[in-house]
Protein chains: 2
Amino acid sequence: MNSQGQMIPLERHGVKFISLGLIAGDGVPVIWRGPMLARMVTQLLREVDWSPLDCLVVDLPPGTGDVQLTMTQEAPISGAVIVTTPQPVALEDVARGLQMFQHPSVNVPVLGVIENMSNYVCGSCGTRTEIFGHGGGKRTADRYGIPFLGEIPLDIRLQKGGDLGIPIVVSDPDSEIASKYRTIAEELLMALGFGSRL
Amino acid sequence: MNSQGQMIPLERHGVKFISLGLIAGDGVPVIWRGPMLARMVTQLLREVDWSPLDCLVVDLPPGTGDVQLTMTQEAPISGAVIVTTPQPVALEDVARGLQMFQHPSVNVPVLGVIENMSNYVCGSCGTRTEIFGHGGGKRTADRYGIPFLGEIPLDIRLQKGGDLGIPIVVSDPDSEIASKYRTIAEELLMALGFGSRL
């Protein structure tokens, strides 16, 4: 807590971080109906000592429910980024999410689509396989007239880095995947008007 | 609709099926707060012509929110099955889900844990890679004293079958993956007391 009674977020690699899991405690189930969930979103936005901050990234679960609605109503959102896997079944949910953000009562600009788990390159023989298909993210972006930001492959280094808390842009900045992440981040910063600061 | 005004579910391979997406229509966003979502769950349970039915499987999104709570309160649930990927970050959510089902106010038996995306075998050279790690499902099941039901690998045939609507137990019943699905289904049927009908 700071002197204003705000929670102090964790910080690593210059990124401040907080999650509902951190507050609730390890393995404790958060059995909350929508209104309580909405209140928690408001708390995470307002009762955490975020400042100074260039940019606040909120990682939301898929869907068009309470958390998503509360976010769009409680905070001035500069834009939404849609992350999807390539297969048709996932793209139906993406179409729903896009239409929610573009709905006149919500009206959040969609900055672009990222295709996750886009392909897998065998570490042994180098064969590339599109386990979940490929290109669905690009097609959806084109269909709705929004930017396609890039493709992130399935890669064991991403899983390990995620669990260790060391992003690949730190552990292996010269790798192809790190370069993909940087390109996406730069496009988003440009779209948000941070261009002159890069 | 049938003569009682109930919706008629789709049916394929002897399995009846309905989803919120089917009712809402293609790509239409379902921007509903918790109470409306809870009402829809009740509708899908009661206003669909399910009978005769051996077993109703409800595929829920991850989490411990409105939909999960409403399900446990509106229907006599025989048991919950937890499906997870192997990495530690996912297992934290599993621990939360398990504790929700075991909470005295919820009290739903957990029938077991399935580890999805357990590994990937390169179609070209046969190398097996544990992209998301391996064994987290088994460790979690052991830790909470519940059965571990099996491992489903990442496999391009599962994605294609899912999008085409043809399960691998139908398209390739002699495959190793089909046998994994059958083993899991049989263990669940036994746990639910269907043993004598197999």
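Since the model is a prediction, treat every value here as computed from it, not as a measurement.

Another point: the overall build of chain A. Across its full length, chain A carries eight helices and six strands. Ordered by position in the sequence, the α and β elements of chain A form the string β-β-α-α-α-β-α-β-β-α-β-α-α-α. Taken over the C-alpha trace, chain A has a radius of gyration of 18 Å; the compact-globule value for 198 residues is 16 Å, and the two agree within 12%. Taking the principal axes of the C-alpha coordinates as reference, chain A spans close to 55 × 40 × 40 Å. Looking at chain A residue by residue over its 198 residues, the buried ones come to 27%. Taking as baseline every contact in chain A between residues at least 6 positions apart, the subset at least 24 positions apart corresponds to 63%.

Domains assigned within chain A are domain 1 (1-53) and domain 2 (76-197). A C-alpha centroid distance of 25 Å is found between domain 1 of chain A and domain 2 of chain A.

Residue and element names in this part refer to chain A. Cis rather than trans, the peptide bond between Ser-51 and Pro-52 has omega equal to -10°. With respect to the element layout, Pro-52 can be found in the loop between helix 2 (34-46) and helix 3 (66-74). At His-13, a position not held by glycine, the phi torsion is positive, near 55°. Turning to its location among the elements, His-13 is positioned in the loop between strand 1 (10-12) and strand 2 (15-17).

Now for the environment of Asp-59 of chain B. Residue and element names in this part refer to chain B. Mapped onto the elements of the fold, Asp-59 is located in the loop between helix 2 (34-46) and helix 3 (66-74). In this structure Asp-59 comes out as exposed when scored by C-beta crowding, with 7 C-beta atoms within 10 Å. Sequence spacing of Asp-59 and Ser-19 is 40 residues, and the spatial spacing of their C-alpha atoms is 9.5 Å.

Across the contact, 42 residues belong to chain A and 42 residues belong to chain B. For the side of chain A that touches chain B, the secondary-structure elements that each account for two or more residues are helix 2, helix 3, helix 4 (88-102) and helix 6 (156-164) of chain A. The element best represented in the side of chain A that touches chain B is helix 4 of chain A, accounting for eight residues. Residue composition of the side of chain A that touches chain B, grouped by class: 20 nonpolar, 17 polar and five charged.

Parameters at a glance
Residues numbered from 1 in each chain as written. Chains lettered and ligands numbered in written order. Predicted model: local features only at pLDDT ≥ 70, side-chain atom pairs only at ≥ 80, totals over all residues. Helix = DSSP H or I, 4+ residues; strand = E, 2+ residues; numbered from the N terminus. Rg over C-alpha atoms; globule rule 2.2 N^0.38 Å. Buried ≥ 20, exposed ≤ 12 C-beta atoms within 10 Å, placed from the backbone. Contact = placed C-beta atoms within 7 Å. Domains from an automatic or database assignment. Nonpolar A, V, L, I, M, F, W, Y, C, P; charged D, E, K, R; others polar.

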